[in-house]
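If you want the building blocks of each chain, they are given just below.
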Amino acid sequence: MFAVTAARIDADDPLSGLELGERPDPAATDGWVTVRVKAAALNHHDVWTLRGVGMSADRLPIVLGCDAAGLDPDGREVIVHAVIGDPDAGGGDETLDPRRSLLSELHDGTFAEQVSVPRRNLVPKPAALSFEEAACLPTAYLTAYRMLFDKSGVEPGATILVQGASGGVATALILLGRAAGYRMWATSRSEAKRERAVKLGADQAFAAGTRLPERVDVVMETVGQATWAHSMRSLRPGGRIVICGATSGDVSPAELARIFFTQLSIAGSTMGTRDQLGRLARFCEQTGVRPVIDRVLPLENARDGFAAMIAGDLFGKVVFRC
Ligand SMILES: NC(=O)c1ccc[n+]([C@@H]2O[C@H](COP(=O)([O-])OP(=O)(O)OC[C@H]3O[C@@H](n4cnc5c(N)ncnc54)[C@H](OP(=O)(O)O)[C@@H]3O)[C@@H](O)[C@H]2O)c1
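About the cut-offs
- Residues numbered from 1 in each chain as written.
- Predicted model: local features only at pLDDT ≥ 70, side-chain atom pairs only at ≥ 80, totals over all residues.
- Heavy atoms only, no water.
- Axes fitted to C-alpha atoms, helices over the stretch in contact; angles between N-to-C directions.
- Helix = DSSP H or I, 4+ residues; strand = E, 2+ residues; numbered from the N terminus.
- Parallel < 35°, antiparallel > 145°, perpendicular 65-115°, else oblique.
- Left-handed = near helix turned anticlockwise from the far one by under 90°.
- Contact = heavy atoms within 4.5 Å.
- Nonpolar A, V, L, I, M, F, W, Y, C, P; charged D, E, K, R; others polar.
- Buried < 20%, exposed > 50% of the residue type's maximum accessible area, 1.4 Å probe, protein only.
- Pairing = 2+ DSSP bridges.
- Right-handed = clockwise from strand over helix to strand, strands pointing away.
- Core = buried A, V, L, I, M, F, W, Y, C linked by side-chain atoms within 4.5 Å.
- 1 Å grid on protein atoms, 1.4 Å probe; cavity = no way out; pocket = protein on both sides within 12 Å on 5 of 7 lines; lining within 4 Å.
- Points joined across faces, edges and corners; volume = space filled by probe spheres on them.

Chemist: Would you mind going over the packing of helix α3 (residues 137–151) against helix α4 (residues 168–179) in detail, with residue names and values included?
Modeler: Relative to each other, α3 and α4 sit at 50 degrees, their axes nearing to 8 Å. By the angle class used here, α3 and α4 are oblique. For α3 against α4, the interelement crossing comes out right-handed. Within the contact between the two elements, α3 uses A140, Y141, A144, Y145, M147, L148 and F149 and α4 uses G168, V169, T171, A172, L173, L175, L176 and G177. Taken together, the residues that form the contact of α3 with α4 break down as 12 nonpolar, 3 polar and no charged.

Right, here's the structure in full:
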């Protein structure tokens, strides 16, 4: 089958380790099913893998990709949950299984004509969503869903700041948060991206680092070092940062005095459960929310999508059609 593979690690030139070509079809394993992939979405995770973050050379080559929508062996339309884990080992939550992994970390991922996953990792795809839209849900949208509805601890009507408005997770936060009745504020380094964030449903968008008109209840962080100090300063006393990523680096002063003196909380968030993915799909069906897709490319042109993500030249998701 045709597949997009991480063949080598290069922290400075991640594209040099990307290979496109033939790979063996997935082997049949007990309890696992093979999905015919119709669409797969790119995440920053795929770039991290090529840079060697969370990946070691002895696990290569490996097919990249966490997200997919496609057809199961009986021809049913399905969304693939990317977390390979045992809910029992995580106290009912597979993301808390100490041995959990994401597709493309230990097992071949979704940037291929076929992907094999445990049967429990399949969620029905609502007919209202296209394969391209459904393929965006398992990582960026599921992460945003959990950050908003599981980790934020605030009710609709609260004000939530999203740092870095244009990314996959960030656009998902704006869309889902707005649909659920939160007042969504956003920052971006680019004026054009700030305008798009407002069109998407953000109540207001600000240049990165700007003093806000008032302090917010929650900040959603995916950027890390470049925005952390601003996130800390922007919170009301008792507020909370929910963080799922640190694209610009993770070495920021913790500002311990500010944390205890203004009684802030910091909550880490990673992916979501299979059941949350099912509810997210229904949330999209019921609210009419559809993922923001920057571009759809044939899988053969995957390199162009990776290059755009590395350059930060995106607003929303890159989807590969398989
Ligand atoms: N824990 C999890 O389960 C989980 C799940 C999904 C993603 N993540 C992580 O979350 C992060 C975002 O993922 P994504 O797929 O949404 O990535 P992406 O689409 O490439 O988004 C990158 C974002 O970073 C922002 N950014 C702001 N300042 C930056 C700077 N100085 N350098 C680089 N970027 C800057 C961009 O904002 P502007 O250009 O608008 O300023 C943009 O919103 C990644 O680190 C990813 O690994 C974690």
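Read on, since the account is not over.
Chemist: Describe the pairing of strand β18 (residues 317–321), naming the residues involved and giving the relevant values.
Modeler: The element β18 is extensively covered by neighbouring structure, given that 4 of its 5 residues are classed as buried. As paired elements, strand β3 (residues 32–41) and β18 share 3 bridges and run antiparallel to each other. Across the sheet, residue A41 finds its bridge partner in β18, namely V319. Relative to β18, strand β17 (residues 293–298) runs parallel, the two sharing 5 bridges. Within β18, the residue paired with P298 across the bridge is R321. Handedness of the β-α-β unit built from β17, helix α9 (residues 302–311) and β18 comes out right-handed.

Chemist: Could you give an account of the nonpolar core, with specific residues and numbers?
Modeler: One recurring pattern in soluble globular proteins: nonpolar side chains tend to sit buried together. If you look at the biggest cluster of nonpolar residues, it comprises 48 residues, and the most contacted ones within it are L137, Y141, L176, M220 and L280. By residue number, the principal contributor to this core is α3, which donates 8 residues. Beyond its immediate stretch of four places on either side in the chain, M220 contacts M147, L148, S152, I160, L161, V162, Q163, L173 and V242.

Chemist: Can you tell me about the layout of surface pockets, naming the residues and giving the values?
Modeler: Approximately 1400 Å³ is the volume found for the largest pocket. Every residue lining the largest pocket is counted, 47 residues in all, and those nearest its centre are H44, W48, T222, G245 and T247. Among the secondary structure elements, those contributing two or more residues to the lining of the largest pocket are α1 (44–51), α3, α4, β12 (183–188) and α9. Of all the elements, α1 adds the most residues to the lining of the largest pocket, at 5 residues. Looking at the lining of the largest pocket, its residues break down into 18 nonpolar, 22 polar and 7 charged.

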